[in-house]
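# Working through the structure, step by step
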Amino acid sequence: MKINRRRRLIRTFNLLDQPIRFNPFVFSRTFFMWAFTGLVGGVIAGLYWIVLEYFTDFLAQYQGWMVIPTMAVCGLLAGLVIHFIGDPGEIHLIVNNIRFNKGKLDPKNNPSMILSSLFCVASGGSLGPEAPLVQVTGSTGTWLGKIFRLKGEELRSLSIAGMASGFTALFGAPLGGSLFSLEILHHKHAVEYYKAIIPALVASCFSYVMFALIIHLGIGATWNLKAYHYSGVYDFMYACMFAVIATFVGWLFIFVVKFFKKVFEYRNFPIYVKTLVGGIVLGIIAFYFPITRYFGHHEVNELIGGGFSLNFLLLILVFKILAIAITVTSGWRGGFIIPLFFVGTTLGLIIHHLFPSVDTTLAIVSCMAAINACVTRTPMSTTIILGTLTGFTYFVPILFASLTGYFLAPKIPFIGSQSEKITEE
């Protein structure tokens, strides 16, 4: 016994005698590159958001019939910026560059993207700032990667980390933003990009902190939904049923976008003519239905607490889908994720009107999740992002709804570059 005690005592002293060592990775050059990318992304997102809010407040004073010339002029200016400075592309171009251009996002288009998106988003277009932010922060990651002399997968990972920092700043969800930057790349083989999950997470966390410091972001839900009370295992079935309805609306949205895309591509007009026409039509819709103006960040709360009638909600649903489709196809710049959440909120309220016994919050969140997963094919990140934005802490019903929308989505994805027919060169 004494010998065993002595042996244990000797092993203990030997262990204590060893110097304390941290994981060398924490203090490696790679970690600092990811962290620095996140910090820069957070600063860019914070400054963009401040300018966007000031510009939006300035243009918001034009109400009533003045909204029509305001949006028309902003559409024209956005088109002129794209025509003379350069076309920054859309989300499908970002996906293609990450997949087939060795992860390189060209920063030369950033000035055009920033200026055109400010005109489009601030004036009231039905697209949000997520696509501009992701383009700018992702290309910043590429630029930093070239400075650090990265190549191959290291450069691609830093570009994805930059994209994640942009998503995170907007959604306020580091984990959701990280997963979204990976899932959006390819709907079937996204796992091939999950080697970039740690770079994305690190950059997202640093971006979130920097963005929160700049705009004084608080912790808590963005949208004020009523508290959800779990009523039994049937809630999962209800979530899937609501998701089926929302997926049908998602299909409808995709077909409406394709229709208007053919309309705007029928004649080869200059981009500024298309954006001008789009601005006039969007202004008319916003004049008759003011709640459809803007991308929905603040309007979702107005919708939830508005107490609107069933007929008015149906009109909002139809004209919001039309507004998003026209904004996307007429050359206006921005992202459609939060606008789709607005559509999901409207649909959830319609379902509650038709079936008053249905839990409103469950219906809204399920519709939000399904329609976004149907269009963007991002079920995992959609679940986490919605949990953050709505304060809905029961992730399982959201996941059921997201997967329903994902598996019932059209065979040909809305984001064309997600198609598996494209082969890497």
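Residues numbered from 1 in each chain as written. Predicted model: local features only at pLDDT ≥ 70, side-chain atom pairs only at ≥ 80, totals over all residues. Heavy atoms only, no water.

## Digging into the overall build of the chain
Selection criterion: For helices the rule is a DSSP run of H or I covering at least 4 residues; for strands it is a run of E covering at least 2, with both sets numbered from the N terminus onward. Only protein chains enter the accessibility calculation, which uses a 1.4 Å probe; a residue is then buried when its area is under 20% of its type maximum, exposed when over 50%, and partly exposed in between. The contact rule is simple, with two residues in contact once any of their heavy atoms fall within 4.5 Å. Under the convention used here, a 1.4 Å probe and the Shrake-Rupley method define accessible areas, while residue burial counts only the protein chains that appear.
On a plain count of helices and strands, the chain comes out with 17 helices and 0 strands. Within the chain, buried positions represent 55% of all 425 residues. Counted over contacts in the chain with a minimum sequence separation of 6, partners at least 24 positions apart contribute 81%. Accessible area for the chain stands at about 19,900 Å²; split by element, carbon and sulfur atoms hold 67% of it.

## Regarding the confidence of the model for the chain
To keep things clear, this is the line we draw: Known as pLDDT, the predictor's per-residue confidence is scaled from 0 to 100.
The predicted model of the chain averages 82 in pLDDT, with 84% of residues at 70 or higher. Ranking the helices and strands of the chain by mean pLDDT puts helix α13 (residues 310-329) first, with 93, and helix α1 (residues 2-17) last, with 60. The low-confidence segment residues 421-425 (pLDDT under 50) makes 9 contacts with residues lying over four places distant or belonging to another chain.

## A short note on the nonpolar core
Stated precisely, the cut-off is as follows: The definition of a nonpolar core used throughout is a set of buried Ala, Val, Leu, Ile, Met, Phe, Trp, Tyr and Cys residues joined through side-chain atoms within 4.5 Å.
Phe171, Phe253 and Phe341 are the most contacted members of the largest nonpolar core, which has 92 residues in total. Among the elements that take part in this core, helix α10 (residues 234-264) stands out by supplying 11 residues, more than any other. Excluding its chain neighbours within four sequence positions, the residues that come into contact with Phe171 are Ile337, Ile338, Ile385, Thr388 and Leu389. Among the nonpolar cores identified, the runner-up in size contains 9 residues, and Trp34, Ala35, Leu144 and Leu158 belong to it.

## Describing the packing of aromatic side chains
Counted only if it meets this: Any pair of Phe, Tyr and Trp rings, taking the six-membered ring for Trp, is counted once the centres come within 6.5 Å. Such a pair is stacked with planes under 30 degrees apart, edge-to-face with planes over 60 apart, and tilted for the rest. As a reminder, the over-ring test applies to NZ of lysine and CZ of arginine, requiring each to be within 6 Å of the ring centre and within 35 degrees of the ring normal.
Considering all chains together, one arrives at 16 aromatic pairs under this definition. Ring geometry for Tyr238 against Phe242: centres 6.4 Å apart, planes inclined by 20°, an arrangement best described as stacked. Highlighted residues: Tyr238 and Phe242, both in helix α10, separated by 4 residues, approximately one helical turn. In textbook terms, an aromatic cluster arises when at least three aromatic residues are bridged by ring pairs, as seen for Phe289, Phe308, Phe312 and Phe319. Here the basic side chain of Lys320 rests over the ring of Phe342, its NZ or CZ set 4.9 Å away from the ring centre.

## Points about the environment of Gly46
Mapped onto the fold, Gly46 is located in helix α2 (residues 29-59). Classification of Gly46 by relative accessible area gives buried; the value is 0%. Note: C-alpha distance between Gly46 and Ser207 (161 residues apart in sequence) is 9.3 Å. Non-local contacts of Gly46, meaning those with residues more than four positions away in its chain, are made with Phe211, Ile214 and Ile215.

## Re the packing of helix α11 (residues 271-288) against α13
Operational definition: Orientation is described by lines fitted to C-alpha atoms, with helices fitted over the stretch in contact, and by angles between N-to-C directions that extend from 0 to 180 degrees. Roughly parallel covers angles under 35 degrees, roughly antiparallel covers those over 145, roughly perpendicular covers 65 to 115, and oblique covers all other angles. For a crossing to be left-handed, the near helix must be turned anticlockwise from the far one by less than a right angle; the clockwise case is right-handed. For this classification, Asp, Glu, Lys and Arg are treated as charged, while Ala, Val, Leu, Ile, Met, Phe, Trp, Tyr, Cys and Pro are nonpolar and the rest, including Gly, are polar.
Here α11 crosses α13 at 165°, and the two axes come no closer than 10 Å. With respect to α13, the element α11 is oriented roughly antiparallel. In this structure, α11 crosses over α13, and the sense of that crossing is left-handed. Contact with α11, carried on its side by Gly278, Val281, Leu282 and Ile285, involves Phe319, Ala323, Ile326 and Thr327 of α13 and no other residues of that element. Looking at side-chain class alone, the contact of α11 with α13 contains 6 nonpolar, 2 polar and no charged residues.

## Section: the side chain of Glu130
Quick note on the threshold: Counted as positive: Lys and Arg. Counted as negative: Asp and Glu. His and the chain ends are not counted at all. Any carboxyl oxygen of Asp or Glu within 4 Å of a side-chain nitrogen of Lys or Arg constitutes a salt bridge here. In protein, a polar contact requires one atom able to donate a hydrogen and another able to accept it; more generally it is a pair of N or O atoms within 3.5 Å, and residues adjacent in sequence count only if both atoms are side-chain atoms.
Residue position: Glu130 is located in helix α6 (residues 130-147). The charged side chain of Glu130 is buried without a salt bridge, its nearest counter-charge being Lys320 at 11 Å. Separated by 3.3 Å, the side chain of Glu130 and the backbone nitrogen of Phe336 make a polar contact. If near-sequence neighbours (up to four positions away) are discounted, Glu130 is found in contact with Leu170, Gly335, Phe336, Ile337, Ile338 and Pro339.

## Points about a nonpolar patch on the surface
As a reminder of what qualifies: Patch rule: a residue counts if its relative accessible area is over 30% and it has no salt bridge; like charges are joined within 9 Å, and nonpolar side chains (Val, Leu, Ile, Met, Phe, Trp, Tyr) within 5 Å.
A surface patch of nonpolar side chains, about 750 Å² in accessible area, is lined by Tyr230, Val233, Tyr234, Met237, Tyr238, Met241 and Tyr394. Tracing the chain through its elements places Tyr234 in helix α10. Using a relative accessible area of 57% as the deciding quantity, one classes Tyr234 as exposed.

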